[in-house]
Amino acid sequence: MLKFERVNSFFFVVVLLVYTFEVPKFLYFFIFLVWLVITIIGSFHIRWNYHLKALHSNPHTNKKQVAITFDDGPNLEFTPQILTFLKKHNIKATFFCVGKQIENHPKLFNQIVNQGHVVGNHSYSHSNNFGFFSHKKVLDDVNKCNELIYENLNVNSNLFRPPFGVTNPAIRKAIAKTRHHVIGWNVRSLDTKIKNPEKILKRITKRLKPGDVILLHDTNKRTLVVLEQLLLFLHEHQFETTTVDKLFEIEAYV
Ligand SMILES: [Zn+2]
């Protein structure tokens, strides 16, 4: 798989060769363009592990299990509905919570944990500009969310999922300091973008296999509709559900 440093070294050698052979100038621009495209795609595809090592799935699991994850809550309108549904079906999931949402809804945040679900850090701000933050700003943002988790649970979160799944050198440097396990996904539902629940469900179930990590959001009504159908599918195909710490055999809290 492509890695940021390896790609940079490769392009450095290419530029040296081009320089040595005195080729037309437009080639420099072309080489830069190719480098830029690879780097942008790598930064937006957490599964490439382009900037840092993230856990996306565990195909080596010896159980027929998948992990359902919910991002961007706790959400006052939809998280309670999802919690009620999960409780009814005795399902445990992982919630990657946004710090400012924890700050606004601490009771709901505690309810998630009290129901036996696992929570992880999904940054404090979930800013649209998170991918452009300096390493110091990323560190402050992630630590701020961690502090809120600690205030509520008396434990430090050991799991981090970057907002939008974006990674870059600043995020890598910050996470090297916080020492979180970075958790990605390998089944992206696009439940915040696709309007039709059936299409979302199809995206999730078409190639679902043991060890997969499913990305959903507890921020809209569609997700609840999808969840109901997804649980029927899982039951029908004898899939169990688990939390990401158990799937990857790591500690959720330290
Ligand atoms: Zn998010």
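Under the annotation held in an unreviewed UniProt entry, the protein carries the name Polysaccharide deacetylase family protein and is attributed to Aureibaculum marinum.

1. Quick notes on the overall build of the protein
Summing up its helical and strand segments, the protein has 10 helices and eight strands in all. For a compact globule of 254 residues, the expected C-alpha radius of gyration is about 18 Å, and the protein comes in at 20 Å, within 12% of that figure. Based on the C-alpha atoms only, the size of the protein along its principal axes is roughly 70 × 40 × 35 Å. In the protein, which comprises 254 residues, the share counted as buried stands at 51%. When the accessible surface of the protein is totalled, it reaches about 13500 Å², and 59% of it is carbon and sulfur. Separation of charge centres in the protein, based on 32 positive and 20 negative side chains, amounts to 4 Å.

2. Describing the coordination of the zinc ion
For a metal bound by four donors in tetrahedral geometry, the ideal donor-metal-donor angle is 109.5 degrees, whereas six donors in octahedral geometry ideally sit at 90 or 180 degrees. For the zinc ion, the protein coordination sphere consists of D72 (OD), H122 (NE2) and H126 (NE2), at 2.1 Å. Written as a sequence motif, the donor arrangement for the zinc ion is D-x49-H-x3-H. Considered together, H122 and H126 belong to a single accessibility category, that of buried residues.

3. Re the pairing of strand β7 (residues 213-217)
Among the five residues in β7, five count as buried, and that is most of the element. Alternating residues of β7 divide into V213, L215 and H217 and I214 and L216, and every residue in both groups is buried. Looking at chain direction, strand β1 (residues 65-71) and β7 are connected through five bridges and run parallel. The residue bridging I68 from the neighbouring strand is I214, located in β7. Following the chain from strand β6 (residues 187-188) across helix α8 (residues 197-205) to the adjacent parallel β7, one finds a crossover that is right-handed.

4. Description of the side chain of T223
When you line up the elements, T223 lands in helix α9 (residues 221-236). We classify T223 as buried; its relative accessible area is 0%. Engagement of the side chain of T223 in a polar contact is seen with the backbone oxygen of H217, the distance being 3.0 Å.

5. A closer look at the packing of aromatic side chains
All chains considered together, the criterion is met by six aromatic pairs. Both rings, one in F4 and one in Y50, keep their centres 5.8 Å apart while their planes meet at 70°; by these two values the pair is edge-to-face. Of the two residues, F4 sits in helix α1 (residues 4-20) while Y50 sits in the loop between α2 (26-44) and β1, which places them 46 residues apart along the sequence. The class for F4 is buried, based on a relative accessible area of 13%. For Y50, a relative accessible area of 1% corresponds to the buried category. Across from the ring centre of F239, 4.7 Å away, lies the NZ or CZ of K64, which sits over that ring.

6. With respect to the domain arrangement of the protein
The domains assigned to the protein are domain 1 (4-44) and domain 2 (65-248). Between the C-alpha centres of domain 1 and domain 2 there is a distance of 36 Å. Listed as interface residues are five residues of domain 1 and, on the opposing side, five residues of domain 2. Here domain 1 and domain 2 share an interface that buries about 390 Å² over both sides, 43% of which is from carbon and sulfur atoms. On inspection of domain 1 and its partner domain 2, the count reaches one salt bridge.

7. A look at the pattern of salt bridges
Where side chains of opposite charge bring their charged atoms close, a pairing between them can arise. Taken as a whole and judged by the stated rule, the model has four salt bridges. Its salt-bridge partner being D71, residue R161 comes within 2.7 Å of it at the nearest N-O pair. Of this pair, R161 sits in the loop between β4 (159-160) and α7 (169-178) while D71 is found in strand β1, placing the two residues 90 residues apart along the sequence. Overall, the relative accessible area of 3% leaves D71 in the buried class. The shortest N-O distance in the salt bridge between K136 and D140 comes to 2.9 Å. Here K136 pairs with D140, and both are found in helix α6 (residues 135-153), just four residues apart, close to one helical turn. The partly exposed category is assigned to D140, whose relative accessible area is 38%.

The rules behind these values
- Residues numbered from 1 in each chain as written.
- Predicted model: local features only at pLDDT ≥ 70, side-chain atom pairs only at ≥ 80, totals over all residues.
- Heavy atoms only, no water.
- Helix = DSSP H or I, 4+ residues; strand = E, 2+ residues; numbered from the N terminus.
- Rg over C-alpha atoms; globule rule 2.2 N^0.38 Å.
- Buried < 20%, exposed > 50% of the residue type's maximum accessible area, 1.4 Å probe, protein only.
- Areas by Shrake-Rupley, 256 points an atom, 1.4 Å probe, with all protein chains shown as cover.
- Lys, Arg positive; Asp, Glu negative; His and termini not counted.
- Charge placed at Lys NZ, Arg CZ, Asp CG, Glu CD.
- Donors = N, O, S within 2.8 Å, 3.2 Å for Na, K, Ca; no water.
- Pairing = 2+ DSSP bridges.
- Right-handed = clockwise from strand over helix to strand, strands pointing away.
- Polar contact = N/O pair within 3.5 Å; in protein donor to acceptor, adjacent residues only side chain to side chain.
- Phe/Tyr/Trp six-rings, centres within 6.5 Å; stacked < 30°, edge-to-face > 60°.
- Lys NZ or Arg CZ within 6 Å of the ring centre and 35° of its normal.
- Domains from an automatic or database assignment.
- Contact = heavy atoms within 4.5 Å.
- Buried area = accessible area lost by both parts, 1.4 Å probe.
- Salt bridge = Lys/Arg side-chain N within 4 Å of Asp/Glu carboxyl O.

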